[in-house]
Amino acid sequence: MIYKRSSALFKEAQQYIPGGVNSPVRAFKAVGGDPVFIEHAKGAYLYDVDGNKLVDYIASWGPLILGHAYQPVLDALISKAEKGTSFGMPTQIETEIASLAVSMVPGIDKIRFVNSGTEACMSAVRLARGYTGKDKIIKFAGCYHGHSDSFLIEAGSGAVTFGVPNSPGVTAGTARDTLLAPYNDLNRVRELILENRGEIACIILEPVAGNMGCIPPADGFLEGLRDLCNENDILLVFDEVMTGFRLAAGGAQELYGVKADIVTFGKVIGGGLPVGAFAARNEIMDFLAPLGPVYQAGTLSGNPLAMAAGLAMLKALDRSPEIYQSLAEKTAYLHNGLDLALNESGLPYVINRVGSMISVHFTKEEVIDFESSAKGNNETFKKFFHGMLNRGIYLPPSAFESWFLNDALTYKDLDMTINACHDLVKTL
Ligand SMILES: *Cc1c(COP(=O)(O)O)cnc(C)c1O
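Criteria and cut-off values
Residues numbered from 1 in each chain as written. Predicted model: local features only at pLDDT ≥ 70, side-chain atom pairs only at ≥ 80, totals over all residues. Heavy atoms only, no water. Helix = DSSP H or I, 4+ residues; strand = E, 2+ residues; numbered from the N terminus. Rg over C-alpha atoms; globule rule 2.2 N^0.38 Å. Buried < 20%, exposed > 50% of the residue type's maximum accessible area, 1.4 Å probe, protein only. Areas by Shrake-Rupley, 256 points an atom, 1.4 Å probe, with all protein chains shown as cover. Lys, Arg positive; Asp, Glu negative; His and termini not counted. Charge placed at Lys NZ, Arg CZ, Asp CG, Glu CD. Pairing = 2+ DSSP bridges. Axes fitted to C-alpha atoms, helices over the stretch in contact; angles between N-to-C directions. Contact = heavy atoms within 4.5 Å. Polar contact = N/O pair within 3.5 Å; in protein donor to acceptor, adjacent residues only side chain to side chain. Phe/Tyr/Trp six-rings, centres within 6.5 Å; stacked < 30°, edge-to-face > 60°. Lys NZ or Arg CZ within 6 Å of the ring centre and 35° of its normal. Parallel < 35°, antiparallel > 145°, perpendicular 65-115°, else oblique. Left-handed = near helix turned anticlockwise from the far one by under 90°. Nonpolar A, V, L, I, M, F, W, Y, C, P; charged D, E, K, R; others polar. Near = heavy atom within 4 Å. 1 Å grid on protein atoms, 1.4 Å probe; cavity = no way out; pocket = protein on both sides within 12 Å on 5 of 7 lines; lining within 4 Å. Sits in = over half its atoms within 2 Å of the grid points. UniProt positions renumbered as here; feature names shortened; annotations may be inferred. Patch = residues over 30% accessible without salt bridge, like charges linked within 9 Å, V, L, I, M, F, W, Y side chains within 5 Å. Salt bridge = Lys/Arg side-chain N within 4 Å of Asp/Glu carboxyl O.

What the protein contains, in helices and strands, is 15 helices and 14 strands. For 428 residues, the compact-globule formula gives about 22 Å, and the C-alpha radius of gyration of the protein, at 21 Å, lands near that figure. Seen through its C-alpha atoms, the protein measures out along the principal axes to roughly 60 × 55 × 45 Å. Here the protein holds 428 residues, and 55% of them are scored as buried. With an accessible surface of roughly 17700 Å², the protein has 52% of that area assigned to carbon and sulfur atoms. Charge-centre separation for the protein: the mean point of 36 positive side chains lies 4 Å from the mean point of 47 negative side chains.

Before going further, it helps to spend a moment on the sheet that holds strand β10 (residues 276-280). With mixed pairing, the seven strands of this open sheet are ordered in space as β4-β10-β9-β8-β7-β5-β6. Looking along the sheet, the strands with just one partner apiece sit at the ends: β4 (110-114) and β6 (178-181). Neighbour to neighbour, the strand axes of the sheet diverge by 20 degrees on average, direction disregarded. Across the sheet, helix α7 (residues 186-195) touches β5 (136-140), β6 and β7 (200-205), and the angle it forms with β6 is around 150 degrees.

For the rest of this paragraph, the subject is the side chain of H145. Inspection of the secondary structure assignment puts H145 in the loop between β5 and α5 (157-161). Of note is the side chain of H145, whose polar atom sits 2.7 Å from the side chain of D239. Non-local contacts of H145, meaning those with residues more than four positions away in its chain, are made with T118, C121, K139, F151, I204, L205, E206 and D239.

Before going further, it helps to spend a moment on the pairing of β7. Where burial is concerned, most of β7 is hidden: six out of the six residues are buried. In this sheet, β7 lies alongside β5 in parallel orientation, the contact comprising three bridges. Its bridge partner being in β7, I138 is matched across the sheet by I203. Taken together, the four bridges between β7 and strand β8 (residues 235-239) define a ladder with parallel strand orientation.

The final tally for this structure, using the stated rule, is 14 aromatic pairs. With a centroid separation of 5.4 Å and an interplanar angle of 70 degrees, the aromatic rings of F362 and F384 are classed as edge-to-face. Of this pair, F362 sits in the loop between β12 (357-361) and α13 (370-374) while F384 sits in helix α14 (residues 378-390), placing them 22 residues apart in sequence. In this structure, F362 and F384 share a single accessibility class: buried. Between F381 and F384 the ring centres are 6.5 Å apart and the planes differ by 55 degrees, which places this aromatic pair in the tilted class. Within this pair, F381 and its partner F384 are both found in helix α14, separated by three residues, close to a single helical turn. One aromatic cluster is present, built from ring pairs that chain together Y57, F362, F381, F384 and W403. Sitting over the ring of Y45, K53 keeps its end group 4.1 Å from the ring centre.

It is worth spelling out the packing of helix α12 (residues 322-345) against helix α15 (residues 411-425) at this point. Geometrically, a packed helix pair is captured by the angle between its two axes and the distance between the axes. Running from amino to carboxyl end, α12 crosses α15 at an angle of 15 degrees, the nearest separation of the two axes being 8 Å. On the basis of the axis angle, α12 is roughly parallel to α15. The crossing of α12 and α15 is right-handed. Only Y411, L414, D415, T417, I418, C421, H422 and V425 of α15 make contact with α12, whose side of the interface consists of E329, K330, Y333, L334, G337, L338, L340, A341, L342, E344 and S345. Within the contact of α12 with α15, the residues separate by chemical class into 11 nonpolar, four polar and four charged.

So, about the site of the ligand. The ligand sits among S116, G117, T118, Y144, H145, G146, E206, N211, D239, V241, M242 and K267. Measuring from a nitrogen atom of the ligand, one finds a backbone N or O atom of Y144 at 3.1 Å. Burial of the ligand by the protein amounts to 83% of the accessible area it has alone, namely 380 Å². A molecule is said to occupy a pocket when more than half its atoms come within 2 Å of that pocket's grid points, and by this definition the ligand occupies the largest pocket. Tallied by class, the residues present in the shell around the ligand amount to three nonpolar, six polar and three charged.

Per the UniProt entry, the sites bearing "modified residue: N6-(pyridoxal phosphate)lysine" (unreviewed entry) are K267 in this numbering. With respect to the element layout, K267 can be found in the loop between β9 (262-265) and β10. When neighbours within four sequence positions are excluded, K267 is seen to be in contact with W61, G62, P63, V241, M242, G272 and V275.

Residues D219, E223, D227 and E231 make up a contiguous surface patch of negative charge. Looking at the element boundaries, E231 is found in helix α8 (residues 221-232).

Okay, structure coming up:
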């Protein structure tokens, strides 16, 4: 494949945008080479500026669960745009998407819309602190909750990719209020609670981690956290920005049957537009301004275009719950095919998968937390990534990212992907 025009555009972009990108992982630092510039996309395929067609396994990092340029979302956007793009005043569509989301997700009464997953998580933690009157939070190493200060402590994916786990600019004061535990380690959480008795407002986590590759919660981990929160007056916050409306209509809460106190959303809930949201039962949500004392606001929050895209997406998922089964089957098929292909290579590897999230780690140990994920051989991953790209398969350009399947992928696409892997392993 030829990437001449992409490379030229990247060079130009670097002159005006730091690193040439508006979000770091896009820059290919972890895998080397120049990023691919996209011209357009449809269904499961990306078409780049050099005329290459790629099978897409990132789906804009998760949102496009039904594929690119999904017609009902486009139709909703076009008809909304003709009526104006933003008013800074209430619109009926905000209530429509809110009531639909509340009906799909277990245990929530009210939801507030923001513009990104970062904003959702940052606001959820402020709400948890305001509601409980406590300051500290527990997060897990390798979990990513957006780029707000409190979370940039061993934050997974982008932050880790760049070897700056603790970003300069985050003050010592802020870092002090964020306590860290290894993912899947209930004992460490129990110790932290004892060491900081009465000071912890919430425990925040990705109920299925997706920012250190895909890592499922160990048996009893989510239930154990729920019990510890109940016993110690701590709120449990599920960051479902990645898993919400992706693993099931009701997200990881539904899949694992464990209820969180506050849930955050992003990605799928916006149908490809910049949207985030956070939700909880009434007694917690009513603590937010204008009803309660915890302030949170946004000039473009709930704007009609974002809501139209999100509503069209949620309606499609609500109408066709069988999509989740279909996606899980496709992902299992891919898993099986990759397994056979990688086996031929003789290299150590681990494949993790939950629903339509999957990741390949070049290590022989089980991948259960950040430490085990970081043991993956990045040199092998680089060769794997570029080898697949040269064969027309677009994977996340970092070993710390989950792949996201979209329902526009056909079994023919999956076979092509598996065959590319067979072909590639001969060269590894
Ligand atoms: C992507 C992501 C975020 C941040 O969302 P943005 O829209 O990029 O700000 C937060 N939490 C998780 C789990 C994510 O995957």
